[in-house]
Amino acid sequence: MGKVNEMDRELLDTLKEKARQVRLGIIEALGTGNRGHLGGSMSCADVVAALYFYKMRHNPKKQDDPNRDRFIMSKGHSVLAQYAALAEAGYFGRDVLATTKSFGSILQGHPERETPGIEANTGSLGQGLSVGVGMALAGRMDGLDYRVYVVVGDGELAEGQIWEALMAANHYALDNLTLIVDMNGIQAMGRTRDRYAIANIPGRLAAFGWKTFEIDGHDMPEIVSALDRASSVKGAPAAIVARTVKGKGVDFAENTHAYHNNLLTAEDRERAIASVLKSSSAAV
Amino acid sequence: MEKNQRMAYGAALLELARANRNIVALDADLCASTQSVQIETNLPEQYVEMGIGEANMVSTAAGLALCGKIPFVHTFAVFATGRAFDQIRQGVCLPNLKVKIVGSSAGLSDFGDGATHQCFEDMAIMSVLPHMTVLAPVDAVEVPKAVRAAAAIDGPVYIRLNRNDLPLVTEESTPFEVGKPLTLAEGRDVSLCVNGVTAGMGLKARELLEKKGISARLVNFSTIKPLDEVAVRTALAGTRAVVTAEEHSVTGGLGAAVAACIGSDKSPLPLVRVGIADRYGQSAHSYEQLLENYGLTGTAIAAAAEEILK
């Protein structure tokens, strides 16, 4: 944790390795023979890794610390990335990942706060940013300096409630709130620009009063830098629009909606693992 | 004597909020109607204006609750439970958060504004949600007791409030216990189960029935869910029939809740539901005119009792 002015090679290597572990954890959580949301989990893996292993103040041994930073996966179906990060951070054993979505597992199909490290229930899209607004307001009321991070998808921006929350955060100048748009450009049924276009996302966010940064969501130095710049904005909420690739890291699942919510065969799984191991998880 | 539930509500919340700085009031541009304005005026740091956006308001309340606050969310009953239903279900009830939803101007009580603002389905759709407690305080004296009880419950609560002056049927010393019906007046032949505005009508019905030699018991239900089934059976015991009367759809409200309690009895008491049929509201210049048109009067309750006792 801390401010990185000059990009520290060692830190970058560490974060890239963490992102690789998150991707392997996603594959572990997905398993074989059962459907799961691979594409959107992979697209936000680098951002999630940077949050949990660089930016956020959190400690699995002090989960009730009132001044911990909060993370909300508003695009709840991509929680596999969060589960993988939480396991990697020590909130629960890595072996638990394989139980994801099985009956009685602490790892449900969408985030529930009974799970160690999960801060809010999401899954019905469009609600996470509002929850983040509430958390940011509470921090201000209590004089705590924790930060709140919310990840939404670009397809999710069709949910009107997000725009209500954008207005609320602007009205209350919530500079302890950072929104990250995982702009992978693909939603369940196809390309977002074809299915239900939301043009000029950075411009729209800026028009709603948010200090907006646009980055390559797989470029770890850019992610780290944007997170630091976002947290230093005063008097306004900050948004990071991360251009990402759906399925990033699993070559056969990249840039397609075919693996938005699909299953892997045993053979697919081996190919997916090999692909993640082969690729440097964050392109430089 | 009549007194306004909303005014009593605002004062009660203010008193509670003065004693507990974690109490936070949220409103969607209706704070004068809901009387959360009393928090805004006196404790502005514990008030959050959410603009005209109910969905965002409820999810924001969830975020506040996740950080240790006890948010009270205010708007009209129809918007609180309708526009924000999914936010209540997914973000409040599923994680069992201490968010209190205050549905103001419920039933027909917003008489002038018509069907879009009147609400007969709120108790039904709040009752069906696991973890949710549903309260409908009977008068302005009971409102503060309900507010204090709601704040103490470690989970979500829906509180239904009427917009208009209602007759006082309880006193400061009257007990209030969540889940338990309260006998307001004794009687042997028929139990009249009421809540909110129908309590006063029940008193009138009781007088009408007395003139005809029928002894009616008046049982108030300020809790719709969870209901203590044993306490309900005890409250009705000894009478020969049950009439429920509510300013709500007869589907999924008080009548349904009482019927669900006693329906599995070996020889269940005959029960008739007085309430709003399967229809929407409409505008009128007076509350009384609407109540009468929608079949909610002491006379109607008495007639239903006579009929079921035949």
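Our subject in this report is the structure included herewith.

## Overview of the packing of aromatic side chains
- Going through the model one piece at a time under the given rule, you end up with five aromatic pairs over all chains.
- Ring centres 5.3 Å apart and planes at 75° place the aromatic pair Phe-252 of chain A and Tyr-259 of chain A in the edge-to-face group.
- For Phe-252 of chain A, a relative accessible area of 18% translates into the label buried.
- Residue classification places Tyr-259 of chain A among the buried residues on the basis of a relative accessible area of 15%.
- Ring centres 6.1 Å apart and planes at 10° place the aromatic pair Phe-76 of chain B and Phe-79 of chain B in the stacked group.
- The ring of Phe-53 of chain A carries Lys-18 of chain A above its face, with NZ or CZ at 4.8 Å from the centroid.
- Against the face of Tyr-146 of chain A rests Arg-70 of chain A, its NZ or CZ located 4.1 Å from the ring centre.

## Let's talk about the nonpolar core
- By size, the foremost hydrophobic cluster in this structure holds 81 residues, and its most contacted members are Leu-129, Leu-177 and Leu-179 of chain A together with Leu-26, Ile-101 and Met-132 of chain B.
- When we break this core down by domain, the ones giving at least three residues each are domain 1 (2–167) and domain 2 (182–309) of chain B.
- Look past the residues within four positions of Leu-177 of chain A in its chain and what remains in contact with it is Leu-129, Gly-132, Val-133, Ala-136, Arg-147, Val-148, Val-150, Ala-169, Trp-210, Pro-237 and Ala-238 of chain A.
- Grouped together as the second largest cluster of nonpolar side chains are 62 residues, Val-22, Ile-26, Leu-38 and Met-42 of chain A included.

## Describing the sheet that holds strand β10 (residues 190–194) of chain B
All names here are of chain B.
- Read across the open sheet, the five strands follow the order β9-β11-β10-β13-β14; overall the sheet is mixed. Either end of the sheet is taken by a strand with one partner, and the two such strands are β9 (182–185) and β14 (271–276). Going across the sheet, the axis of each strand differs from the next one's by a mean of 25°, ignoring polarity.
- On top of the sheet, helix α9 (residues 198–211) reaches β9, β10, β11 (216–220) and β13 (241–249); it is set at about 160° to β10, its chief contact.

## Re the sheet that holds strand β2 (residues 23–27) of chain B
Residues and elements named next belong to chain B.
- Pairing within the open sheet is mixed, and its seven strands lie in the order β3-β2-β4-β5-β7-β6-β12. A strand with exactly one partner marks an edge of an open sheet, and here the two such strands are β3 (47–49) and β12 (223–225). Geometrically, the sheet is characterised by an average inter-axis angle of 20° between neighbouring strands, direction not taken into account.
- Note that strand β5 (residues 100–104) and strand β7 (residues 157–160) share four bridges and pair parallel. Following the sheet pairing, Val-102 is matched in β7 by Ile-159.
- Its contacts with the sheet put helix α1 (residues 5–19) on β2, β4 (70–76), β5 and β7, and the angle it makes with β4 is roughly 160°.
- Strands β2, β4 and β5 of the sheet are contacted by helix α4 (residues 54–66), whose axis makes an angle of about 170° with β4.

Rules used in this analysis
Residues numbered from 1 in each chain as written. Chains lettered and ligands numbered in written order. Predicted model: local features only at pLDDT ≥ 70, side-chain atom pairs only at ≥ 80, totals over all residues. Heavy atoms only, no water. Phe/Tyr/Trp six-rings, centres within 6.5 Å; stacked < 30°, edge-to-face > 60°. Buried < 20%, exposed > 50% of the residue type's maximum accessible area, 1.4 Å probe, protein only. Lys NZ or Arg CZ within 6 Å of the ring centre and 35° of its normal. Core = buried A, V, L, I, M, F, W, Y, C linked by side-chain atoms within 4.5 Å. Domains from an automatic or database assignment. Contact = heavy atoms within 4.5 Å. Pairing = 2+ DSSP bridges. Helix = DSSP H or I, 4+ residues; strand = E, 2+ residues; numbered from the N terminus. Axes fitted to C-alpha atoms, helices over the stretch in contact; angles between N-to-C directions.

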